[in-house]
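# Descriptive analysis of the structure
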Amino acid sequence: MSTTRAWLLSDAPLSRRQAKLGQAYRTWLGFRSNGLAMFGLLIVVVLVLLALFAPWLAPHDPLTGDLNTTRLLPPLTEGYWLGTDDQGRDILSRLIYGSRITLAVVALVAILATPLGLLIGTSAGYFGGWVDTVLMRFTDIVLAFPKLILALAFVAALGPGIENAIIAIAITAWPPYARLARAETLTIRNSDFIAATKLQGASSARIIWKHVVPLCMSSIIVRVTLDMAGIILTAAGLGFLGLGAQPPQPEWGAMIAGGRNFLIDYWWVATMPGIAIFVVSLGFNLLGDGLRDVLDPKGQK
Amino acid sequence: MTTTTLSGRRGARWIMKILSTLGTVAVTFLGLLIVTFLIGRVVPVDPVLSVVGDRATQAQYDAAYQALGLDKPLIQQFWIWLMNVFQGDLGTSNLTTRPIAEDIARVFPATLELATVSIILGTAIGIPLGVWAAVRQGKLVDQIVRVVGLVGYSAPVFWLGLMGLLLFYFKMGLISGPGRIDLSYEYDFTPVTGLFLIDTAMQGAWGAFANVFSHIILPASLLGYLSLAYISRMTRSFMLNELGQEYIITARVKGVPEWRIIWGQALRNAAVPLVTVVALSYASLLEGSVLTETVFAWPGLGQYLTNSLQNADMNAVLGGTLVIGAIFVGLNMLSDLLYTLLDARTRNRK
């Protein structure tokens, strides 16, 4: 164990791989010393595990309940620790399955919006001139729109559903990444190593993809992580308005909307999913803050 | 002589900046109009059927098709629509069967009142809190402000609203429930501005005023809390930036009292970027009002939008989107412009 550590922290790495791993290990050491960030990481890891092992962890069926015997049981009932909803479904099981939807939304939005933002931002920064003007003007226009309203209008046009909600959120999410990627590209565009690569005959696409994009990644990762809480809240808001995931899917925002009708007498039905949303977005916020501290110290605000 | 040319050049640069901002505003508004128009075109609902009904003959259908201008090229349709919008005609709502512009004008004061009370709360508490956190950096106050901000960023606003209603209205009975005013008070005054707090106070209807207040206090505190989370965080970082400047050290060496350094000198300099922060959070309150108004049955723009959404009233949805979008874009650009106007440094630089 201690030898691995010494190998990782070696001042004179013998190979590129050792240097890279050592760098990653040092970043991890910095991250590990931040208690709140570790707490955020823990929440996110638990979310991923819940989503992966939902069928084994959930004590009951998330979609169908027993209308005769288990309707609206209060929390701390034996076997139904968070209570049941108006259809007799176990809320804990629904929350566990709902983590899959939350995670899917976050992951898909990141997968759709990040490459788009990177592509537009790095191209604008690398080529400059009229390409830059056109792309950035376009970015600024989208950035100036109110996100939730735009997502609402898109979902209204495309039809309600979780897939359309994801597309709508992704369409509104990319502009900050484009701006960030452009700023990073501008700082490295004129460096010697780019000029050297160009002299060796590399194409623009290759330079952007192989040399510019990797250098933008750390600040983009920080920004995406910090945005995830907002993405979760927007998705939950769309679900709450009945425009996101459709019943009987156990989406957390839609679950709150379902519990709203009997808030007074059966408070737990609307309360529990809200706590889940709160904890998960808090986790992403703490994780993002911690990542920013170790990966992007200059970007602190 | 030299000074006049210098200030003349400065003025020219300044006018250029304003012109380019106005250019951006124009382009952005055009983009907003195009996006809204295109969204309206991809809707899977047949706009002709919603006019003539599904029992119309082919001839009736064709006539309506032409009357709606759907046989013309897309770009011409856009032009016609654009001209209508500029004349204040956003079409007719299928739900209320009234012009959408009229509907929006009717519901807008409710949203304006809610957003304004919220931003007053958020600014009045958020700025002192941020200053305090910056002065006592790393201490308990700073940590508390940080937690307050984190909770504001992480909690879903519609859920907080429901929990607030449950606790303060249903369980404790401290406040009034959903809606803007109770029916029994509605005829105690005549709406003039549409802002009920002002209307009731002007007409001395204090019973109604108290009722309006007990309705608005929870949603406004909630939205105010969200802007407080943002404003206090930004104030803290601007203040930390100012307090590290050399003029602060100079002032301290000269023996200026600490409270004057903080509230008089540092905050005055931090105020310039803060104006834009407040303008931005005012704009985002309009957006936040969509979910909040739904929870509190607040008869404003947000509720109008969600109602139209749920009834597939696409014209009204687009009209609402356009109006909220336009205000949002306008406030965004205004904050940019204010920054240029207020900050002498951005004027002289470059």
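On a predicted model such as this, the values are computed, not experimentally measured, just so you know.

### Here's the deal with the overall build of chain B
Counting its secondary structure elements, chain B contains 14 helices and 0 strands. N-terminal to C-terminal, the α/β element order of chain B is α-α-α-α-α-α-α-α-α-α-α-α-α-α. Its C-alpha atoms give chain B principal-axis dimensions of roughly 90 × 65 × 40 Å. Across the 350 residues of chain B, 37% fall into the buried class.

### Focus on the overall build of chain A
Counting its secondary structure elements, chain A contains 13 helices and 0 strands. When the helices and strands of chain A are read in sequence order from the N terminus, they spell out α-α-α-α-α-α-α-α-α-α-α-α-α. With respect to the principal axes defined by its C-alpha atoms, chain A has extents near 75 × 55 × 30 Å. For chain A, the residues scored as buried account for 45% of the 301 residues in total. Summarising the internal contacts of chain A: among those between residues at least 6 apart in sequence, 68% fall at separations of at least 24.

### Thoughts on helix H4 (residues 74–86) of chain B
The terminal C-alpha atoms of H4 of chain B lie 18 Å apart, and with 13 residues this matches the ideal 18 Å at 1.5 Å per residue to within 8%. Phi turns positive one or two residues past the end of H4 of chain B, at glycine 88 of chain B, with a value near 80 degrees.

### Regarding the domain arrangement of chain B
How big an interface is tends to be stated in terms of the accessible area lost upon association of its parts. Residues and elements named next belong to chain B. What the domain assignment lists for chain B is domain 1 (3–86) and domain 2 (100–347). Here domain 1 and domain 2 have C-alpha centroids that lie 30 Å from each other. Split by residue class, the side of domain 1 that touches domain 2 holds 8 nonpolar, 5 polar and 2 charged.

### Concerning the environment of glycine 258 of chain A
Residue and element names in this part refer to chain A. For glycine 258, the position within the fold is in helix H12 (residues 252–259). The exposure class assigned to glycine 258 is buried, which follows from the 22 C-beta atoms found within 10 Å. For the pair formed by glycine 258 and phenylalanine 240, sequence separation is 18 residues and the distance between their alpha carbons is 8.4 Å. Discounting residues that sit within four places of it in the chain, glycine 258 has contacts with Asp85 and Val269.

### Brief notes about the nonpolar core
Among the nonpolar cores identified, the biggest contains 160 residues, and Val109, Leu152, Ile169 and Ile232 of chain A are the most heavily contacted of them. Apart from residues no more than four positions distant in its own chain, isoleucine 232 of chain A is found in contact with Thr102, Val106, Ile277, Val280, Ser281 and Phe284 of chain A.

### Side note on the interface of chain A and chain B
Contacts between the two partners involve 36 residues from chain A, matched on the other side by 38 residues from chain B. Mapped by element, the contributors of at least two residues to the side of chain A that touches chain B are helix H6 (129–144), helix H7 (147–158), helix H11 (204–240) and helix H13 (268–295) of chain A. The element best represented in the side of chain A that touches chain B is H13 of chain A, accounting for 8 residues. For the side of chain A that touches chain B, the residue count by class is 25 nonpolar, 7 polar and 4 charged.

### Let's talk about unusual backbone geometry
That bond from proline 247 of chain A to proline 248 of chain A is cis: its omega, 10 degrees, falls within 30 degrees of zero. By the secondary structure assignment, proline 248 of chain A is in the loop between H11 and H12. Its identity is not glycine, yet alanine 297 of chain B carries a phi of approximately 50 degrees, on the positive side. Topologically, alanine 297 of chain B is positioned in the loop between helix H11 (258–296) and helix H12 (301–310).

### A word on the confidence of the model for chain B
Where the model shows low pLDDT, its predicted coordinates should not be examined in detail. Averaged over every residue, the pLDDT of chain B is 84; residues scoring 70 or more account for 91%. Least confident of the elements in chain B is helix H14 (residues 344–348) of chain B, whose mean pLDDT is 56; most confident is helix H5 (residues 100–135) of chain B, at 93.

### Digging into the environment of glycine 283 of chain A
Residues and elements named next belong to chain A. Note that glycine 283 resides in helix H13. Taking the C-beta count within 10 Å as the criterion, glycine 283 has 23 such neighbours and is therefore assigned buried. Between the alpha carbons of glycine 283 and phenylalanine 39 there is a distance of 7.1 Å; along the sequence they are 244 residues apart. Excluding its chain neighbours within four sequence positions, the residues that come into contact with glycine 283 are Gly40, Ile43, Val44 and Leu47.

### Details of the packing of H6 of chain A against helix H9 (residues 175–188) of chain A
How two helices sit against one another is set out by the angle between their axes and by the gap between those axes. Residue and element names in this part refer to chain A. Between H6 and H9, the shortest axis-to-axis distance is 9 Å and the interhelical angle comes to 140 degrees. H9 is crossed by H6, and the crossing has left-handed handedness. Residues Met136, Thr139, Val142 and Leu143 of H6 pack against Pro175, Ala178, Arg179 and Arg182 of H9. Class assignment of the residues belonging to the contact of H6 with H9 gives a composition of 5 nonpolar, 1 polar and 2 charged.

### Thoughts on the packing of H11 of chain B against helix H13 (residues 314–342) of chain B
All names here are of chain B. The N-to-C vectors of H11 and H13 enclose an angle of 175 degrees; their axes lie 8 Å apart at closest approach. What the angle tells us is that H11 and H13 run roughly antiparallel. Side by side, H11 and H13 meet where Val272, Val275, Thr276, Ala279, Leu280, Tyr282, Ala283, Leu286 and Glu287 of the first sit next to Ile324, Ile327, Phe328, Leu331, Asn332, Leu334, Ser335, Leu338, Tyr339 and Leu342 of the second. Of the residues contributing to the contact of H11 with H13, the split by class is 15 nonpolar, 3 polar and 1 charged.

What counts and what doesn't
- Residues numbered from 1 in each chain as written.
- Chains lettered and ligands numbered in written order.
- Predicted model: local features only at pLDDT ≥ 70, side-chain atom pairs only at ≥ 80, totals over all residues.
- Helix = DSSP H or I, 4+ residues; strand = E, 2+ residues; numbered from the N terminus.
- Buried ≥ 20, exposed ≤ 12 C-beta atoms within 10 Å, placed from the backbone.
- Contact = placed C-beta atoms within 7 Å.
- Expected span 1.5 Å × (residues − 1).
- Domains from an automatic or database assignment.
- Nonpolar A, V, L, I, M, F, W, Y, C, P; charged D, E, K, R; others polar.
- Core = buried A, V, L, I, M, F, W, Y, C linked by C-beta atoms within 7 Å.
- pLDDT = per-residue confidence, 0-100.
- Axes fitted to C-alpha atoms, helices over the stretch in contact; angles between N-to-C directions.
- Left-handed = near helix turned anticlockwise from the far one by under 90°.
- Parallel < 35°, antiparallel > 145°, perpendicular 65-115°, else oblique.

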